[in-house]
Each structure stands twice: as C-alpha cells, then as structure tokens.
Amino acid sequence: MTARRQLQALFLTRFATAFGIVTLLTLLPTYIDLLDPQGFVLGMFATGLTLAQAGTVIPVSYLGDRFDKRTVLLVGLGLAAAVYGLFPLVSSSWGFVFVRGLQGVAATTAGLVGLALVGQLARDSARGTTIGTSNAWRFAAAIGGSLSAGLLYDRFGFDAVFGLLVAITLVTFLAVLAFVDPDETTTEGFALADLAVNRRILTITSFRAQYAVAVTLVRTWVPIFAGVAAARGGLGYNAAINGATAVAVVLAAEKFTNMLCQPYTGGLSDRQGRARFVFIGGLAYGVVALVVPFTPAIGASLGLPAVFPYFGDLSPAFLPLVALNGLLGIADSIREPASMALFADEGSGKGVASSFGVRDLVWRPGAVLAPLAGGWLTTNAGMEWVFYLGAASAFTGVAAFAGILTYRHGRAGLGAW
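Residues numbered from 1 in each chain as written. Predicted model: local features only at pLDDT ≥ 70, side-chain atom pairs only at ≥ 80, totals over all residues. Heavy atoms only, no water.

## Brief notes about the packing of aromatic side chains
By the definition in use, this model includes 17 aromatic pairs. Plain terms: the ring middles of Tyr-211 and Trp-363 are 6.5 Å apart, the flat faces sit at 65° to each other, and that makes the pair edge-to-face. Separated by 152 residues along the polypeptide, Tyr-211 in helix H8 (residues 199–227) and Trp-363 in helix H13 (residues 352–380) bring together distant segments of the chain. On the basis of relative accessible area, Trp-363 is assigned to the buried category, the value being 12%. Among the aromatic residues, those joined into a cluster by ring pairs are Tyr-31, Tyr-84, Phe-87, Phe-96, Tyr-153, Phe-158 and Phe-162. Looking at Arg-138, its charged tip hangs above the ring of Phe-139, at a distance of 4.5 Å from the centre. (Phe/Tyr/Trp six-rings, centres within 6.5 Å; stacked < 30°, edge-to-face > 60°. Helix = DSSP H or I, 4+ residues; strand = E, 2+ residues; numbered from the N terminus. Buried < 20%, exposed > 50% of the residue type's maximum accessible area, 1.4 Å probe, protein only. Lys NZ or Arg CZ within 6 Å of the ring centre and 35° of its normal.)

## Quick notes on the packing of helix H4 (residues 93–121) against H13
Between H4 and H13, the least distance of the axes is 8 Å, while the angle of their chain directions is 135°. When the interaxial angle is binned, H4 and H13 end up oblique. Both H4 and H13 take part in a crossing whose hand is right-handed. Between H4 and H13, the residues in contact are Thr-108, Leu-112, Leu-115, Ala-116 and Gln-120 and Val-352, Ala-353, Phe-356, Gly-357, Arg-359, Asp-360 and Arg-364, respectively. Here the contact of H4 with H13 is built from residues that sort into six nonpolar, three polar and three charged. (Axes fitted to C-alpha atoms, helices over the stretch in contact; angles between N-to-C directions. Parallel < 35°, antiparallel > 145°, perpendicular 65-115°, else oblique. Left-handed = near helix turned anticlockwise from the far one by under 90°. Contact = heavy atoms within 4.5 Å. Nonpolar A, V, L, I, M, F, W, Y, C, P; charged D, E, K, R; others polar.)

## Regarding the packing of helix H5 (residues 127–156) against helix H9 (residues 243–272)
Where H5 contacts H9, the two axes come as close as 8 Å, and the packing angle between them is 175°. When the axis of H5 is compared with that of H9, the two are roughly antiparallel. When its residues are assigned to classes, the contact of H5 with H9 shows 16 nonpolar, 14 polar and five charged.

## Notes on the nonpolar core
With 114 residues, the main nonpolar core has Tyr-31, Phe-87, Phe-162, Tyr-237, Phe-318 and Phe-356 as its most contacted residues. Considering every element that reaches this core, the biggest residue donor is H8, with 15 residues. Dropping the residues within four chain positions of it, Tyr-237 is found in contact with Ala-226, Gly-227, Gly-243, Ala-246, Val-247, Leu-314, Ser-315, Ala-317, Phe-318 and Leu-321. (Core = buried A, V, L, I, M, F, W, Y, C linked by side-chain atoms within 4.5 Å.)

## Things to note about H8
Over its 29 residues, H8 runs 43 Å from end to end, which matches the ideal 42 Å to within 8%, given 1.5 Å per residue. Where burial is concerned, most of H8 is hidden: 23 out of the 29 residues are buried. (Expected span 1.5 Å × (residues − 1).)

## Some points on helix H14 (residues 384–409)
When the terminal C-alpha atoms of H14 are compared, their 38 Å separation across 26 residues agrees well with the 38 Å that a helix rising 1.5 Å per residue should span. The set of residues buried in H14 consists of Val-386, Phe-387, Gly-390, Ala-391, Ser-393, Ala-394, Gly-397, Val-398, Phe-401, Ala-402 and Leu-405. Contacts made by the buried residues of H14 are with H8, helix H10 (275–291) and H13. Looking one or two places after H14, you find Gly-410, whose phi comes out positive at around 85°.

## Section: the environment of Ala-341
Inspection of the secondary structure puts Ala-341 in helix H12 (residues 318–347). Judged by relative accessible area, Ala-341 falls into the buried class, the value being 0%. Ignoring any residue separated from it by four or fewer positions in sequence, one finds Ala-341 in contact with Arg-127, Gly-128, Ile-131 and Arg-274.

## Here's the deal with the pattern of salt bridges
Pairs may arise between side chains of opposite charge once their charged atoms sit close together. As enumerated under the stated definition, the model contains six salt bridges in all. Salt-bridge contacts for Arg-138 lead to Glu-336; the nearest nitrogen and oxygen are separated by 2.7 Å. With a gap of 198 residues between them, Arg-138 in helix H5 and Glu-336 in helix H12 connect regions that are remote in the sequence. You'll find Arg-138 and Glu-336 in the same group, each marked buried. The shortest N-O distance in the salt bridge between Lys-255 and Glu-254 comes to 3.0 Å. By sharing partners, the salt bridges in this structure join Arg-219, Glu-254, Lys-255, Asp-332 and Arg-335 into a single network. (Salt bridge = Lys/Arg side-chain N within 4 Å of Asp/Glu carboxyl O.)

By themselves, these are just geometric observations and shouldn't be taken as functional.
Here is the structure:
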C-alpha cells in the first residue's frame, strides 16, 4: 500500500480517537451535574482517564517498537468500541471513573501507535507538516465530537451519543485493517530507556512536564467553567435551553483554530526550526489562560448580549469565552506540531513509538495531578484559581526551556533547533 493511502487511514485513526475524547470532555459537566461528585472524586473524573493512560504508555511503547504496530493499533481500536458501549450503563461516580479509565487505555493504545506510524511514514523534510495535518484531522474530530455530543444529548440522550462513537470506531478499525500495511520496522531491546536520556528529549521535557499542568487544567476546566452552575463558580450554561450545545460551541472554538493553523505552523517549523515555536506557543497559551476567569467582566464592560438565539439565557461572558478559547487553539497550534516533530526526529530509526512514549510519560504526572489540584481549588478557593495555576505552569515551563537552550547554545539558543 502507498504511504499516502496508509497515512489517510492513520489520519482517520487520529479522527476517531479524538472524537471519543472530546465527546466525553463535552459531557463532563453534564456527568458532574448528574452524579454530583465532590473534591477528590471530582478530580478523579479527569484523573481516572490520565492514570490509566500513564499506566498504558510503557507497555504500548515497547509492544509498538518490538512487534507489528498495526496489530497493536487494531487492539486499541477494538477496545475503544467496546468501552463506548459501556458508557450508557454508568450510574455512579466511581462507575464513571472506572469506564473513563478503560477509555484511557484504549485511547492511549490507538493514539500513541497511530501517531508513531504517522511519524515513521512521514518524510524527514516534511515531518512537521505531516504531523500538523494529522493533528488537523484530530481537531476536526474534536469539533464534530463536541458539537454532535451536545446536539445528540440534548435531543436523544446518552444512547445516541455513544452509538455514534461505536460506529465511528468500528469504521476506523476496518480502514486500518484494509489500508495499513503490517509494520516490519522493529527494534531490539528497550528503546524507551535509551531515548529517555537523549539530550534533546531531556531539554524539551523540561518544558513539557510543566506545560502538562497548564493544558490539562485549562482544557478540562474551560467546559466545566462554562457548564456548571454559577453557585459552584461556573457560568451555568447547562441550565440554558440547549446548554450542552452551548458548552460544545465553546469547546469547538479552540479545536477549529487549532485545526486551521496546525498544517501551516507545522510547515513553518520544518523550515525555520522547532524550538522557537515551542517557546512562543507556550508563552501565548499562558497569557490567554490567565484571562479566562475575567470573561464575565469583559463581556459586561463591552455591553455584550446575555441572551442568544437557540440557546436562550447564557451570559455576557459567552462571546469572550468563545473568543479566548479560539486564541488558546492558535497558541497551541504554534507549539504542538513543532514539539511532536522534535520527538519524531529523535526517535527516527531508534524507536519512534518509544520516542512518543517518552513524550507521553513526561506528560502524565502533570495530567494526573493537575485535575486533583483543580478539584481542590474549585471546591476550596474558587474556580478562577484553576486558570491562574494553569497560566503559571505554562510560564515556568517556557522559562525552563528557554533557560536550558540559552545555557547550552548562548543567546541564540531558541534558534539552534
């Protein structure tokens, strides 16, 4: 099979994986209102997913480099289809946490191995462009997932939402089976251990470990901020006529701008170096995250409407929140393809699945701990402090990254890679 046909099937894998993740993220405030978790359990609504993902990374990285990546990918897609069939049966907070954990195993297996195959099939000179295009498919799915989740839930309930997810995942399974060749590129030993001490990877992880806290908090709490009741620190959009759809529109803004920009910014990083894009994107993300809690004040000061067609009564914060989430997408589109291409560059020929496994592992501590901190801050200090912590984590991450590059390469350090 040609590389182009295989990449198209793998882009569909990225689409299906993201569709499921963002659908559950969109419905997270709905589950919070229905199941009413508090404190630690509230944090586990996000952390149950990330804990399972963290435990899955090492075995999947090893299996992906040591054996046929296509087979591992098919196992992940099959598990995902089964998991989506379980979600309509959830009736308790801990039941939701458990099934979200299974979703984490399936999403990590399909996402990590699918991305490894994309990086492996991409030409060296166009790796950022190819990864950016792959991510654009992921964000297209995120838009479709968020909007369809809101619309289908508002009209038909959970069964329709998860029936669609099962169907998309099964179609993707068949596409991979039909169009992706068995992978004969294998590595001996445990490549992940060697790549974990790679000098460039160590430098980018100095940023990534801290930035994980920022992105996990902001991406998780933007829909919570939009959806949960005002008495709990949110904007209460779920109380509107089509509240789940209103939350979906907020989420879709970030995905839309990210989708549009990533192929272009990935191409720029191929031509102009990757490090400066990581720095600029991370810095911009922190600045925008810092402003999110001020959207009610921004909307009021600009005299923006509080009532909208189709949705009914929302708040003057609605349009500013949509705009800021769009800016978060632009900021992340500057960083993400450059960062991912750095890992693919270092893993090429040495174990690309393990390279992305290191990338994933470094992300996990922040992704696991951040929601717990966010749950505690929401309950005890106020939801706005979640965004302040997220912004601070982005700032410290870019400062560490720029500091290490400057120490090693001088004042032109950000242009060295």
